[in-house]
Amino acid sequence: MRLTVSTWNINSVRLRIDLVRRFLDEAKPDVLCLQETKCPDDRFPLKELQGFGYPHVVFAGQKGYNGVAILSRLPLVTREVMSFCERQDARHISAVLGPEAGAAAGIALHDFYVPAGGDVPDATLNDKFAHKLSFMDELRAWGGRRPSGPAILVGDLNVAPLEHDVWSHKQLLDVVSHTPIETERLETLRGEAGWVDTMRHLRPPPEKIFTWWSYRSPDWAAADKGRRLDHIWVTPDLADTVKAVTVARHTRAWEKPSDHVPVTVELEL
DNA sequence: ATGGTTGTAAGACAA
């Protein structure tokens, strides 16, 4: 069977619910993981999203900031929310594809929203950067003790790890999201736990791949000053099942877009 | 070096 999983930092699920519908209608993924829903749980548009053909939904939100959700055509079991850095931030949610999901049954889905880290890349001067590094340290520790079994980790990791993940490696070396301390930390925690970076597995450097373009760039498409902040990783047992990875760049040109675009992986199980 | 835009939610704050 074919399993498709998408990830998208939606930057407010209520404001952009029509864009969610539009993307689901055209891409038809089996699973869509959202970040930055910016929505407390009692205001989450559950019924509306289920009406788009995704009856199985888990979500964890808070007022104003953060927030994650997983929408699925296939049954989900074992909803879990992990907390990081002793905060109540809604930055992770996970679920497992249920027994009815055929060859995909038992695959764990982990949806992450790593802290952006503020503007100053110095943990002694900037609490938000310190928080980001601590979050990655806890992610590393979790990766080392995670139960074995097939899993897909997606989300806005807010780090562009490789040189060709940004429009200018040299000009971004001191910019939060591409500093060596972040890129090395992300690559280390990924490698230690054995996660396979599916986008680079199929599309290795030197191809440039971006998933985010700042709102502050007046002509984002022409300038193309993007970064690859959104990721889909799989456990090694799934690496050979990865058949395609798609970046829905065109959605950045939609009216009132998110600053991130969806990324989709296709697995042949 | 600075400022550029957006969302939440009602003035900052986060990104």
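Remember, predicted model here, so these are calculated numbers, not experimental data.

Chemist: Is there a simple way to explain the overall build of chain A in this structure?
Modeler: Counting secondary structure elements, chain A contains six helices and twelve strands. Taking 2.2 N^0.38 as the reference for a compact globule, 269 residues should give roughly 18 Å; the C-alpha atoms of chain A span a radius of gyration of 17 Å, in line with that estimate. Along the first, second and third principal axes, the C-alpha atoms of chain A reach 50 × 40 × 40 Å. Out of the 269 residues belonging to chain A, those deemed buried represent 56%. Long-range contacts, defined as pairs at least 24 residues apart, comprise 67% of the intrachain contacts of chain A with a sequence gap of at least 6. Carbon and sulfur atoms make up 49% of the accessible area of chain A, which totals about 11600 Å². The average position of the 33 basic charges and that of the 37 acidic charges among the side chains of chain A differ by 4 Å.

Chemist: Please explain the sheet that holds strand S2 (residues 31–35) as it appears in this structure.
Modeler: The pairing of strands in a sheet comes from backbone hydrogen bonds and takes either a parallel or an antiparallel form. Read from one edge to the other, the open sheet built from six strands follows the order S3-S4-S2-S1-S12-S11, with strand pairing classed as mixed. The open sheet is flanked by strand S3 (56–60) and strand S11 (242–247), the only strands paired with a single partner. With strand direction ignored, the average angle separating the axes of adjacent strands in the sheet is 10 degrees. Two strands pair when backbone bridges link them, and S2 and strand S4 (residues 68–72) are joined in this way by five bridges, in the antiparallel orientation. Bridge pairing in S4 places leucine 34 opposite alanine 69. Along the sheet, helix H1 (residues 17–27) contacts strand S1 (2–9), S2, S4 and strand S12 (263–268); its crossing angle with S1, the most-contacted strand, is approximately 155 degrees.

Chemist: Is there a simple way to think about the side chain of asparagine 11 in this case?
Modeler: Secondary-structure assignment places asparagine 11 in the loop between S1 and H1. Judged by relative accessible area, which is 12%, asparagine 11 ranks as buried.

Chemist: Help me out: how do you make sense of H1 in this one?
Modeler: Residues lying three or four places apart along an α-helix face the same way, a consequence of the helix completing one turn every 3.6 residues. For H1, the complete set of buried residues consists of Ile17, Leu19, Val20, Phe23 and Leu24. Projected onto a plane normal to the axis of H1, the buried residues spread over an arc of 155 degrees and lie on a single side. Buried residues along H1 sit in contact with S1, S2, helix H2 (46–50), S4 and S12. At the exit of H1 stands lysine 28, carrying a positive phi of roughly 50 degrees.

Chemist: Please explain the sheet that holds strand S9 (residues 196–197) as it appears in this structure.
Modeler: Here six strands make up an open sheet; going across it, the order is S5-S6-S7-S8-S10-S9 and the pairing mixed. Of all strands in the sheet, those bounded by a partner on one side alone are strand S5 (76–80) and S9. Bridging between strand S6 (residues 92–97) and strand S7 (residues 108–113) involves five bridges; their strand directions are antiparallel. Opposite valine 96, over in S7, you have alanine 108 as the bridge partner.

Chemist: Looking at this model, I keep getting lost on the protein's contact with DNA strand B. Mind explaining?
Modeler: Contacts to DNA strand B come from 17 residues, most closely from Ser12, Leu15, Arg16, Tyr215 and Arg216. In the surface near DNA strand B, the residues fall into five nonpolar, three polar and nine charged.

Chemist: Please clarify how helix H3 (residues 127–145) should be interpreted in this entry.
Modeler: For H3, built from 19 residues, the straight-helix expectation of 27 Å at 1.5 Å per residue is met to within 8% by its first-to-last C-alpha distance of 27 Å. Residues Phe129, His131, Lys132, Leu133, Phe135, Met136, Leu139, Trp142 and Gly143 constitute the buried set of H3. Looking at the buried positions of H3, the neighbouring elements they touch are S7, strand S8 (151–156) and helix H4 (180–193). Sitting at the amino-terminal end of H3 is asparagine 126, which places a side-chain oxygen 2.9 Å from the backbone nitrogen of lysine 128.

Chemist: In this structure, what is going on with the pattern of salt bridges? I would like to understand it.
Modeler: Opposite charge on two side chains permits pairing when their charged atoms draw close. Enumeration over the complete set of coordinates arrives at 13 salt bridges. Two residues, glutamate 192 and arginine 140, come together in a salt bridge whose shortest N-O distance is 2.6 Å. Separated by 52 residues along the polypeptide, glutamate 192 in helix H4 and arginine 140 in helix H3 bring together distant segments of the chain. On the basis of relative accessibility, which here comes to 40%, the residue arginine 140 falls in the partly exposed class. Within this structure, Asp165, Asp197, Arg200 and Arg228 form a network of salt bridges that share partners.

Chemist: Which parts of the structure should I look at to understand unusual backbone geometry?
Modeler: Glycine aside, a negative phi is what most residues show, and trans is what most peptide bonds show. A cis geometry characterises the amide bond from proline 205 onward to proline 206, with omega recorded as 15 degrees. You can see proline 206 is positioned in the loop between helix H5 (198–202) and helix H6 (220–223). The backbone phi angle of lysine 28 is positive, close to 50 degrees, even though this residue is not glycine. Along the chain, lysine 28 turns up in the loop between H1 and S2. The phi angle at asparagine 158 is positive, at roughly 55 degrees, despite the residue not being glycine. Summarising the element assignment, asparagine 158 is placed in the loop between S8 and H4.

So, how was this worked out
- Residues numbered from 1 in each chain as written.
- Chains lettered and ligands numbered in written order.
- Predicted model: local features only at pLDDT ≥ 70, side-chain atom pairs only at ≥ 80, totals over all residues.
- Heavy atoms only, no water.
- Helix = DSSP H or I, 4+ residues; strand = E, 2+ residues; numbered from the N terminus.
- Rg over C-alpha atoms; globule rule 2.2 N^0.38 Å.
- Buried < 20%, exposed > 50% of the residue type's maximum accessible area, 1.4 Å probe, protein only.
- Contact = heavy atoms within 4.5 Å.
- Areas by Shrake-Rupley, 256 points an atom, 1.4 Å probe, with all protein chains shown as cover.
- Lys, Arg positive; Asp, Glu negative; His and termini not counted.
- Charge placed at Lys NZ, Arg CZ, Asp CG, Glu CD.
- Pairing = 2+ DSSP bridges.
- Axes fitted to C-alpha atoms, helices over the stretch in contact; angles between N-to-C directions.
- Arc of directions from axis to C-beta.
- Near = heavy atom within 4 Å.
- Nonpolar A, V, L, I, M, F, W, Y, C, P; charged D, E, K, R; others polar.
- Expected span 1.5 Å × (residues − 1).
- Polar contact = N/O pair within 3.5 Å; in protein donor to acceptor, adjacent residues only side chain to side chain.
- Salt bridge = Lys/Arg side-chain N within 4 Å of Asp/Glu carboxyl O.

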